[in-house]
Structure formats: structure tokens, C-alpha cells
Amino acid sequence: MSPLPIIRGYRSADRAAVADVCVSTADEGGDSRARYPDEELMPTIFAEPYCHLEPELAFVLDDGSGRAVGYVIGTGDTAEFVARFRDTWIPRVAHRYPALTTRPRTPGEEMVGLLHTPERMILPELGAYPAHLHIDLLPDFQRRGHGRALMNTFLTALRDRGVLAVHLGMVTANRPARAFYDRLGFHEIPVDDPGPLTYLGRSTVVEKPSHAARPVNVDVDVDVTGPGGSGRP
């Protein structure tokens, strides 16, 4: 009998697997390798900073063999996270991805521009939703209840910290993702000039129990000494 997937805390050994999940889902929910050939780029911007700066809010879906096949990551305080991203994270990775001196010419350069402008995460319309998150699953583990279980785990962790509301930014064109968030009780937050993104928010109150068949083991063992990671805006 195959082992059941479980949700547990992120560990340093998950770094490569988390990066793979990120790269495999970073182009409107699909594989991003054709659009962003540098496979370290998207993880460096959108996943590893959270695992490094907020490890206690990093959870993975373990396939039962120890491999991370999905994750939910985020922060309970976006403004504080942005400050730490600016002061701590960018200096760690700027040697690989220096700030642009000309207008971006490729999708990858556009992402490097995002790396160096973390203040883009702070919008006045999102002030009532201080936390934010990113959640991604490999295709084979989608539509099986794991996404809801990951989300409930994250929401519960936020609630335990006294955080009352959370937001996320998603690519508007990713309709399956929007349907997923709608099912989980997220609502749209109007934002002036959101660009290609739609912003969604909700309370951290978990109205439905986490997936009963998937125990949560929050045994966090995080490497806070080296760079790497994954994610999306």
C-alpha cells in the first residue's frame, strides 16, 4: 500500500523539491522552463525568501516518501517582510541577479526587476489583509483535496499568531487558480492599476476542518544559511 501524503513543516532538505514545484507551476500554473530558462530565477524571487525569512510559516505536502510535491508559504506581516526582503534577502542574491541598468528586454529580466522592487507588495488597498501567501502543487497532486488542506494549515498558523486576514496576488489569466480560490472563500479586493494581477483576500478563520486523512507534522528543520528557493508574485 502506498503511503499517504502528509503536510509537514519545510526542511532544508526540501529546497530542490520546492524549487521544482515552483518552476513547474510558475507560468500561469504551468511549467515555466521555456519562458524562464534560468531555473533558479523564479524560486529565488517567489519561494525561497519565505522559507528563509519566515520558516515557521512554510509548509509542504510530502508525498509520503519524503519528497515535497507542493507547498504553501507566506508571511503574517507583509510590510515587515518587505523590509527584511530589502535588507536581508536582496544582498544574498544580488551577485547572481544584479539590478537592471536598462529597461527589461526579456521575461527573465522583468522578473529580476520584480526581485529588486519588493515594495510592490505593499498596496494601500491591502492594508486590512496584512498577511500574504503563495501556494503551489504539482499537477498530479491537484484536485485531490491537498490544496485545501495546505491552505487550512497556513490559515490556522496565521490565526494562532493573531493575524486576522490574508491576501494573495494571482495572474488574472490563470482561471483554474481563480476557481480554486473562490471555492476556498477568497473574494476580490479592488486595487488601482493592478496590472496583470488580481488580488484576493479572506479571513484566517478556518470554517472547514483540514483533510482528516492527512496528519500535519510541523517538524520544522530549516536551513537559514544558504540561498535558493521558489514561488510567484
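**Re the overall build of the protein chain**
Alright, step 1. Looking only at helices and strands, the protein chain has seven helices and eight strands in total.
Alright, step 2. Long-range contacts, defined as pairs at least 24 residues apart, comprise 77% of the intrachain contacts of the protein chain with a sequence gap of at least 6.
Alright, step 3. If you sum the accessible surface of the protein chain, you get close to 10,900 Å²; carbon and sulfur atoms cover 53% of it.

**Overview of the pattern of salt bridges**
Alright, step 1. Across all of its chains, the model carries 14 salt bridges by this definition.
Alright, step 2. Linking R33 and D20 is a salt bridge whose minimum nitrogen-to-oxygen distance equals 2.8 Å. Pair noted here: R33 is in the loop between helix 1 (15-25) and helix 2 (41-46) and D20 is in helix 1, with a separation of 13 residues, a long-range link.
Alright, step 3. Judged by its relative accessible area of 26%, R33 falls in the partly exposed class.
Alright, step 4. Overall, the relative accessible area of 31% leaves D20 in the partly exposed class.
Alright, step 5. Notably, a salt bridge pairs E39 with R33, separated by 3.4 Å at the nearest N-O pair.
Alright, step 6. The exposure class of E39 is partly exposed, given its relative accessible area of 44%.
Alright, step 7. Sharing partners across several salt bridges, the network here consists of D20, D31, R33 and E39.

**Notes on the pairing of strand 3 (residues 68-75)**
Alright, step 1. Of all the eight residues making up strand 3, eight are buried; the element is thus mostly covered by neighbouring parts of the structure.
Alright, step 2. The pairing of strand 2 (residues 59-62) with strand 3 spans four bridges and is classified as antiparallel. Bridge pairing links L61 to G70 in strand 3.
Alright, step 3. The antiparallel hairpin formed by strand 2 and strand 3 contains five residues in its connecting segment, where G64 sits at a positive phi of about 105°.

**Re the side chain of T198**
Alright, step 1. Inspection of the secondary structure assignment puts T198 in strand 7 (residues 197-203).
Alright, step 2. Beyond its immediate chain neighbours, meaning those up to four positions away, T198 contacts L168, G169, M170, T172, R178 and E188.

**Quick notes on the nonpolar core**
Alright, step 1. By size, the foremost hydrophobic cluster in this structure holds 60 residues, and its most contacted members are M151, Y181 and F186.
Alright, step 2. The element contributing the most residues to this core is helix 6 (residues 146-160), with seven residues.
Alright, step 3. Excluding residues within four positions of it along the chain, M151 makes contact with L133, I135, F180, Y181, L184 and F186.
Alright, step 4. Membership of the second largest hydrophobic core comes to seven residues, among which are L126, I189, V191 and Y199.

**Here we look at the confidence of the model for the protein chain**
The predicted coordinates should not be examined in detail at positions where pLDDT is low.
Alright, step 1. With 88% of its residues at a pLDDT of at least 70, the protein chain reaches an overall mean of 89.
Alright, step 2. Below pLDDT 50 for its whole length, residues 210-233 participates in 82 contacts with residues either more than four positions away or in separate chains.

**So, helix 1**
Along an α-helix, a turn takes 3.6 residues, which lines up residues three or four apart on a common side.
Alright, step 1. In terms of residue burial, helix 1 counts as a mostly covered element, since eight of its eleven residues are buried.
Alright, step 2. Taken as a whole, helix 1 has its buried residues at A17, V18, A19, V21, C22, V23, S24 and T25.
Alright, step 3. Those residues of helix 1 hidden inside the fold are in contact with helix 2, strand 2, strand 3 and strand 4 (131-137).

**Considering the packing of aromatic side chains**
Alright, step 1. Scanning the model with the defined rule gives four aromatic pairs in all.
Alright, step 2. Between Y50 and F81, the aromatic rings sit 4.5 Å apart at their centres with planes inclined by 15°, giving stacked as the arrangement. Here Y50, found in helix 3 (residues 48-53), pairs with F81, found in helix 4 (residues 78-93); they are 31 residues apart in sequence, far enough to count as distant. A single burial state applies to Y50 and to F81, both of which are buried.
Alright, step 3. These aromatic residues form a ring-pair network of at least three members: Y50, F81 and F85.

**Concerning the state of the cysteines**
Alright, step 1. Evaluated as defined, the whole model comprises zero disulfides.
Alright, step 2. Of the cysteine sulfurs around C22, a residue in no disulfide, the closest is that of C51, at 9.9 Å.
Alright, step 3. With relative accessibility at 4%, the residue C51 sits in the buried group.

**What to know about helix 5 (residues 107-115)**
Alright, step 1. Within helix 5, burial applies to G108, E109, M111, V112 and L115. For helix 5, the angular spread of buried residues about the axis comes to 155°, placing them on one side.
Alright, step 2. In the core, the buried residues of helix 5 are packed alongside helix 2 and helix 4.

About the cut-offs
- Residues numbered from 1 in each chain as written.
- Predicted model: local features only at pLDDT ≥ 70, side-chain atom pairs only at ≥ 80, totals over all residues.
- Heavy atoms only, no water.
- Helix = DSSP H or I, 4+ residues; strand = E, 2+ residues; numbered from the N terminus.
- Contact = heavy atoms within 4.5 Å.
- Areas by Shrake-Rupley, 256 points an atom, 1.4 Å probe, with all protein chains shown as cover.
- Salt bridge = Lys/Arg side-chain N within 4 Å of Asp/Glu carboxyl O.
- Buried < 20%, exposed > 50% of the residue type's maximum accessible area, 1.4 Å probe, protein only.
- Pairing = 2+ DSSP bridges.
- Core = buried A, V, L, I, M, F, W, Y, C linked by side-chain atoms within 4.5 Å.
- pLDDT = per-residue confidence, 0-100.
- Phe/Tyr/Trp six-rings, centres within 6.5 Å; stacked < 30°, edge-to-face > 60°.
- Disulfide = S-S within 2.5 Å.
- Arc of directions from axis to C-beta.

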